[in-house]
Amino acid sequence: MEGLELCYMSAGELSRLVESREVSPVEIVEAHLARIDATEPVLNSFITLLPEEARSAARRAEREIQAGAYRGPLHGIPVALKDLYNTAGVRTTSGSRIFDTFIPTEDCTVATRFKEAGAILLGKLNLHQFAFGPTGENPDYGHMHNPWDPELITGGSSGGSGSATAAGQCTVTTGSDTGGSIRIPAALCGIVGLKPTYGLVSRYGLTPLSWSLDHAGPMVRTVEDAALAMNVIAGHDPKDVASAQVEVPDYTTALTGSDGTGLRGLRIGVPAEYFQVPLDPQVERAVREAISLMESLGAEVTEVSFPMFHDAQAISGAILVAEAAAYHRDLLLEHGHKLYPPVRLRLEAGLFISAADYLRAQQARTLFNRQARELLNQVDLLAGPTEPVTAPKLLATHVQAGEEEVATTAALTLYTRPYNITGFPAITVPCGFSDEGLPIGLQLAGRPFDELTVLRAAHAYEQVTDWHRRRPPI
Amino acid sequence: MSSNSTYQGVSPIANQEDLDRDTFLRLAAAAGLDVSSPHIEELFPNVRSLLASLESLRQMDVSGAEPDMAFIPPRE
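What counts and how
- Residues numbered from 1 in each chain as written.
- Chains lettered and ligands numbered in written order.
- Predicted model: local features only at pLDDT ≥ 70, side-chain atom pairs only at ≥ 80, totals over all residues.
- Heavy atoms only, no water.
- Helix = DSSP H or I, 4+ residues; strand = E, 2+ residues; numbered from the N terminus.
- Rg over C-alpha atoms; globule rule 2.2 N^0.38 Å.
- Buried < 20%, exposed > 50% of the residue type's maximum accessible area, 1.4 Å probe, protein only.
- Contact = heavy atoms within 4.5 Å.
- Areas by Shrake-Rupley, 256 points an atom, 1.4 Å probe, with all protein chains shown as cover.
- Lys, Arg positive; Asp, Glu negative; His and termini not counted.
- Charge placed at Lys NZ, Arg CZ, Asp CG, Glu CD.
- Buried area = accessible area lost by both parts, 1.4 Å probe.
- Salt bridge = Lys/Arg side-chain N within 4 Å of Asp/Glu carboxyl O.
- Polar contact = N/O pair within 3.5 Å; in protein donor to acceptor, adjacent residues only side chain to side chain.
- Phe/Tyr/Trp six-rings, centres within 6.5 Å; stacked < 30°, edge-to-face > 60°.
- Axes fitted to C-alpha atoms, helices over the stretch in contact; angles between N-to-C directions.
- Parallel < 35°, antiparallel > 145°, perpendicular 65-115°, else oblique.
- Nonpolar A, V, L, I, M, F, W, Y, C, P; charged D, E, K, R; others polar.
- Left-handed = near helix turned anticlockwise from the far one by under 90°.
- Pairing = 2+ DSSP bridges.

Asks: In this structure, what is going on with the overall build of chain A? I would like to understand it.
Replies: Helix and strand counts for chain A stand at 15 helices and 13 strands. A compact globule built from 474 residues should have a C-alpha radius of gyration of about 23 Å, and chain A, at 20 Å, falls within 12% of that. For chain A, the spread of C-alpha atoms along the principal axes amounts to about 60 × 60 × 45 Å. In chain A, buried positions account for 69% of the 474 residues. Looking at chain A alone, contacts between residues at least 24 apart form 77% of all its contacts between residues at least 6 apart. Carbon and sulfur atoms make up 49% of the accessible area of chain A, which amounts to about 14900 Å² in all. One way to put it: in chain A the 38 positive side-chain charges average out to a point 4 Å from where the 56 negative ones average out.

The structure is reproduced here in structure tokens:
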């Protein structure tokens, strides 16, 4: 089988070939390493590559599978971790040269679980420095570049995960999401990104940004792969104080047939407020068409009102910068001059938020969560754009959203932050392309710990569209 | 398409006059920052912008709402 075909197969497709021994993990890993060699000079997805370690792990997986010890769908499948996931014996930089030689002695829980599942670690992925920014800028290790147009941003902070997955450099990647850092690059790079419910996936061994907003989750090319990854990484971890003690289902049970029947009877709410903000008309059209398609497949679509949507930026912004400043304070005071200036300024500004203002934001969060829960008592899912725009140009401080020019950072986090505040699960799936050939994402958010419904709807929609099959020109 | 004022408000408001320079420097020193660094001049407008962006929070009626500090979302 041709190498590029292997690189663009989903984990689900590859796993069926691996289990039946039609394809070896060694072939898969070699194909991906070749793809990385060919595309990395343009994309800059990785901070650290592990070719020899990956080859060795692939040979081990091949031996195990030949001996009949198949571990499951991620056995022999390439994964890569955002470089703020600690990996024993492999440097973990958090996107800063300050940690260029930091080599953890212990794996984070997600890495441990991937290893136990037999997945093969290809490397560590580039990110916006300390995950504190939604664009994918990183002067220390080089900015990330969008596979659909390298002059454009990947989105961030998990930009390397977005570009690597979209360009076929890796099958399964991970991101962390504090204000949208999984969903933003997933949408701008044309892939699937799932921010699970707060507490469902362990953050043990991840560099924090904001304790009460941080989530870990998968970035992949299909909804099936999101389910497969969740089957491995979700579940209680006593090492993470925020880890939820909930039963974890088999997420693949959310996957229905190829005719969109999974949407039948689902109640989907579309907040009117989503369309009262500056929004690229091409994005609005694609998202409304996606929602109409879901309705035609049996979903009950209604317009709902989510007035506090407009307060999300203020609430989330105050909590995020205050918690980030608290976590990074010592680093900031000692090594502030070594940080990327925009990251440094945001962190330092966080030192000026009073305890009263921080707690007021948490009080507002209570009201916000109450309103979101009430909405999700009326409907099963909330649907809308993941991003108000397609990928902006690298280093652009402002972006055109419809008739208005808006700050890039504010625009990119507009639709994602609400679900960091609530902790509710939210997924982005490709739902179209702009006239310029840039991907557009549809965001579906559900009730806490109801990833099954989120995945069910996303998968049913994906099955009747082909957006996820398109490949970037690189 | 209408534009919402709150969305506009998330973009930092650089011309707020609430925080004067002397107060800023006192707060910066108390926070442990080196106020003699030229960098501090760059930080000043950023801090003013951030504090101004909190104004919408201060105007919200949050009476009766305890801070949501438990973090784990309740099951429905």
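Asks: When you look at the interface of chain A and chain B in this model, what are you seeing that I'm missing?
Replies: Often the size quoted for an interface is simply the accessible area lost on bringing the parts together. Taken together, the 57 residues of chain A in the interface contact 41 residues of chain B. Taking both partners together, chain A and chain B bury about 4300 Å²; carbon and sulfur atoms supply 67% of that area. Of all residues in chain A, L345(A), F352(A) and R360(A) bury the most surface against chain B, accounting for 17% of the area lost on that side. Applying the counting criterion to the chain A and chain B interface returns one salt bridge. D357(A) is the partner of R58(B) in a salt bridge, and the nearest nitrogen-oxygen pair spans 2.6 Å. Taken together, chain A and chain B are joined by nine residue pairs in polar contact (both at pLDDT 80 or more).

Asks: I tried to follow the packing of aromatic side chains on my own but got confused; where do I start?
Replies: The geometry of an aromatic ring pair is captured by two quantities: the separation of the ring centres and the angle between the planes. All names here are of chain A. Counting across every chain of the model gives 11 aromatic pairs over all chains. Aromatic pair F99 and F130: ring centres 6.2 Å apart, planes at 90 degrees, arrangement edge-to-face. Placement of F99 in the loop between β2 (78–82) and α5 (109–116) and of F130 in the loop between β3 (120–125) and α6 (159–166) is noted, with a sequence separation of 31 residues between them. Their ring planes at 80 degrees and their centres at 6.0 Å tell us that W211 and Y327 sit as a pair that is edge-to-face. Note that W211 is positioned in the loop between β5 (192–195) and β6 (215–220) and Y327 in helix α10 (residues 312–335), a separation of 116 residues in sequence. Residue classification places Y327 among the partly exposed residues on the basis of a relative accessible area of 35%. Clustering of aromatic rings is evident, with ring pairs tying together F99, F102 and F130.

Asks: I keep staring at the packing of helix α8 (residues 223–233) of chain A against helix α15 (residues 451–463) of chain A and nothing clicks. Help me out?
Replies: Residue and element names in this part refer to chain A. As a packed pair, α8 and α15 sit with axes 9 Å apart at the nearest point and diverge in direction by 155 degrees. Accordingly, the angle class assigned to the pair α8 and α15 is roughly antiparallel. For the pair α8 and α15, the contacting residues are V223, E224, A226, A227 and M230 in the first and E451, L455, A458, H459 and E462 in the second. Tallied by class, the residues present in the contact of α8 with α15 amount to six nonpolar, one polar and three charged.

Asks: Any chance you could explain the packing of helix α11 (residues 341–350) of chain A against helix α3 (residues 39–53) of chain B here in plain terms?
Replies: Relative orientation and spacing of two packed helices are given, respectively, by the angle between their axes and the distance between those axes. At their nearest, the axes of α11(A) and α3(B) sit 9 Å apart, and the two run at 60 degrees to each other. Judged by the inter-axis angle, α11(A) sits oblique to α3(B). For the pair α11(A) and α3(B), the sense of crossing is right-handed. Seen from α11(A), the contacting residues are R344(A), L345(A), E348(A), A349(A) and G350(A); seen from α3(B), they are H39(B), E42(B), L43(B), N46(B), V47(B) and L50(B). Taken together, the residues that form the contact of α11(A) with α3(B) break down as five nonpolar, three polar and three charged.

Asks: Could you clarify how one ought to interpret the pattern of salt bridges in this entry?
Replies: Between side chains of opposite charge, pairing is possible as soon as their charged atoms come close. Residue and element names in this part refer to chain A. The full count for this structure, using the stated rule, is 21 salt bridges over all chains. Residue E30 pairs with R55 through a salt bridge whose shortest N-O separation is 2.6 Å. Residue E30 is found in helix α3 (residues 25–43), and its partner R55 is found in helix α4 (residues 51–66); the two are separated by 25 residues along the sequence. Overall, E30 belongs to the partly exposed group, its relative accessible area being 32%. R55 sits in the partly exposed class, given a relative accessible area of 23%. Salt-bridge contacts for D177 lead to R183; the nearest nitrogen and oxygen are separated by 2.9 Å. Each of the two residues, D177 as well as R183, counts as buried. Shared partners join several salt bridges into a network, and the residues in it are R267, D380, R447 and D450.

Asks: Just to check I follow, could you spell out the sheet that holds β6(A) for this structure?
Replies: Backbone hydrogen bonds are what pair the strands of a sheet, in a parallel or an antiparallel way. Residue and element names in this part refer to chain A. Ordered by their spatial adjacency, 11 strands build an open sheet running β1-β3-β2-β4-β6-β5-β12-β13-β9-β7-β8, and the pairing between neighbours is mixed. Unpaired on one side and paired on the other, β1 (46–49) and β8 (300–304) mark the two borders of the sheet. Going from strand to strand, the sheet's axes swing by 30 degrees on average, the running direction of each strand aside. Across five bridges, the pairing between β2 and β3 is parallel. Looking across to β3, one finds that K82 is bridged to L125. Helix α12 (residues 355–378) contacts β7 (267–271), β8, β9 (381–385) and β13 (439–445) of the sheet and is inclined by roughly 110 degrees relative to β9.

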